[in-house]
Amino acid sequence: MAASPSRPTLRHILYGVFLGFSLSITSTSLAVIFERRKRERINARFEARPIEIRSDDILSGVTGLIGNTPLVRINSLSDALGVEILGKAEFLNPGGSVKDRVALRMIDDAERQGLLHPHTGSRIFEGTVGSTGISIATIARARGYDTTIIMPDDVAEEKVKALRSLGAEVQRVRPASIVDKKQYVNLARQAAFAFGKEPTHPPNVVTSTNSTLVVTTSPDDGEPSTDREENTAFIERPRGYFADQFENRSNFDAHFDGTGPEIWRQTNGRLDAFVSGAGTGGTIAGIGRFLKAMEEEVLVVLADPEGSGLYNKVKFDVMFDQKESEGTKRRHQVDTVVEGIGINRLTTNIELALPIIDDAFRITDAEAVAMSRYLVNHDGLFLGSSSACNLIAAVKLVRKMGWKNGQTVVTILCDSGTRHYSKVRNEDYLQRAGIPIDISIVDDLLASSD
């Protein structure tokens, strides 16, 4: 028979068990105290929201409807993961997308700076894959401007129909790299410049920066006169305004001053991560920087579709994606079925975002397509491809962090599925593009332990 442990040995074992148990309780207590103090520190900087009764509010026109969108819990994902996945319902803006905020801020800032004047026959020019154009056309109609939208000819047909219904002039061009003079953004700038041409004189440039271009049909030198009548005539001259959402700082400001503070208030300052894609970079930069300013431990995470170089820029500081290799691309721009996010160049707004992005996830077309259908089946949410992309990234983040105790992740529900019938919701199109429709992709992701 084996010898029984001596009494001193048993005593030492019991002491060890007791000590380990005590240390475990102590460390847990310290973690709870630390978390409590962290919340108290956040709450000390947070002004609680009063009860708001808005039944008798009268908003001023269509622009009054922009912003203050609700934060909605994605029940299926939240329940499956044991966390709170919250979506900022930007598809409820009057123009149907998060881009309403950007369009309004760009036009407001241009008017504030005296670059644009309503009801003067002025025209706003923009290069866009659709949503920003629709937002600009919506606000321009309300403010008394005309619009010219130049876009790639392979975007969803629903966006083109919406633009034309809003009275916009739409020019569809071959997708091309930004270094090509015939790329849609470059063509929009050229069109704005040509707007000021008259038979007797060339365009008169009022202001030109890397982000905006304003020209007038006035033959003068572009400076307002001290004479009141002459100055009025100068102001009332039609102008061409190139907004350039990619480089315009108003894009960032719309989210830093608006969307970010809204999310902070709606979550009572209690969130662990913010997830967003990036097309121009304004959304993730503006919201991310605001949230980091309020609580530096909030994670800011990029959702990047196939073909975009931003994922590799964040992870490896290299702006390249394998799908951009010669001979592998289906299209000239970012090679993905997802519209509105993804890019292969650095813009002013993306450069504002890069320093505060903590992590990034590559989202495949198949994953985005699967999530768009999963949300309809389980939540009754009919959302667009970029929203689906954001939610896949949110799930991947939760799995990577091992979160399951009610942590809060906020993302952007950019637009609805009504703009995507001809592509993401079109089974024939997806089959031709070789993109599978497999909802089990989301089920497997939710069930995974990694």
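1. Re the packing of helix H3 (residues 99-112) against helix H4 (residues 131-143)
Following both chains from N to C, one finds H3 and H4 inclined at 50 degrees, their axes separated by 8 Å at the closest point. What the angle tells us is that H3 and H4 run oblique. Handedness of the crossing formed by H3 with H4: right-handed. The segment H3 lies against H4, with Lys99, Asp100, Ala103, Leu104, Met106, Ile107, Asp108 and Glu111 engaging Ser131, Thr132, Ser135, Ile136, Ile139, Ala140 and Arg143. Per-class residue counts for the contact of H3 with H4 are seven nonpolar, three polar and five charged.

2. Side note on unusual backbone geometry
Notably, asparagine 68 is not glycine yet its phi reads approximately 55 degrees, a positive angle. Positionally, asparagine 68 belongs in the loop between helix H1 (7-44) and strand S1 (71-73). For aspartate 317, which is not glycine, the phi dihedral falls at a positive 60 degrees. Take aspartate 317: it is sitting in the loop between helix H10 (310-316) and helix H11 (348-353). Note on aspartate 317: relative accessible area 55%, which makes it exposed.

3. A word on helix H8 (residues 249-266)
Here H8 contains 18 residues, and its C-alpha end-to-end distance of 25 Å stays within 8% of the 26 Å for a straight helix at 1.5 Å per residue. The largest bend in H8 amounts to roughly 30 degrees and is located at phenylalanine 256. For H8, a buried count of 13 out of 18 residues is recorded, marking the element as mostly surrounded by other parts of the structure. The backbone nitrogen of serine 250 lies 3.0 Å from a side-chain oxygen of the residue at the head of H8, namely asparagine 248. Downstream of H8 by one or two residues, asparagine 268 has phi in the positive range, about 55 degrees.

4. Describing the pairing of strand S2 (residues 84-89)
Of all the six residues making up S2, five are buried; the element is thus mostly covered by neighbouring parts of the structure. Of the pairings in the sheet, the one linking S1 to S2 comprises three bridges and is antiparallel in character. Considered in S2, the bridge of valine 72 is made with glycine 87. As paired elements, S2 and strand S12 (residues 408-413) share six bridges and run parallel to each other. Each residue of the ladder has a partner; that of glycine 87, found in S12, is threonine 411.

5. A few points about the sheet that holds strand S9 (residues 273-276)
Either a parallel or an antiparallel arrangement is found when strands of a sheet pair, and the pairing is made through backbone hydrogen bonds. The strand order S1-S2-S12-S9-S10-S11 describes an open sheet built from six strands, whose pairing is mixed. In this open sheet, the two edge strands, each paired with only one partner strand, are S1 and strand S11 (359-363). Averaged over all adjacent pairs, the angle separating strand axes in this sheet is 25 degrees, with direction ignored. Sitting on the sheet, helix H13 (residues 385-401) is in contact with S2, S9, strand S10 (299-305), S11 and S12, with an inclination near 125 degrees to S11.

6. Some words on the packing of H3 against H8
Axis separation between H3 and H8 bottoms out at 8 Å; the angle between their running directions is 125 degrees. One way to sum up the angle between H3 and H8 is to call them oblique. The two elements H3 and H8 cross, and the hand of that crossing is right-handed. Packed against H3, whose contacting residues are Arg101, Val102, Arg105, Met106 and Asp109, the element H8 presents Ser250, Asn251, Asp253, Ala254, His255, Asp257, Gly258, Thr259 and Glu262 at the interface. The residue inventory of the contact of H3 with H8, partitioned by class, reads three nonpolar, five polar and six charged.

The rules behind these values
Residues numbered from 1 in each chain as written. Predicted model: local features only at pLDDT ≥ 70, side-chain atom pairs only at ≥ 80, totals over all residues. Heavy atoms only, no water. Axes fitted to C-alpha atoms, helices over the stretch in contact; angles between N-to-C directions. Helix = DSSP H or I, 4+ residues; strand = E, 2+ residues; numbered from the N terminus. Parallel < 35°, antiparallel > 145°, perpendicular 65-115°, else oblique. Left-handed = near helix turned anticlockwise from the far one by under 90°. Contact = heavy atoms within 4.5 Å. Nonpolar A, V, L, I, M, F, W, Y, C, P; charged D, E, K, R; others polar. Buried < 20%, exposed > 50% of the residue type's maximum accessible area, 1.4 Å probe, protein only. Expected span 1.5 Å × (residues − 1). Bend = angle between axes of the 7 residues up to and from the residue. Polar contact = N/O pair within 3.5 Å; in protein donor to acceptor, adjacent residues only side chain to side chain. Pairing = 2+ DSSP bridges.

On their own, these measurements won't tell you what the molecule is for.
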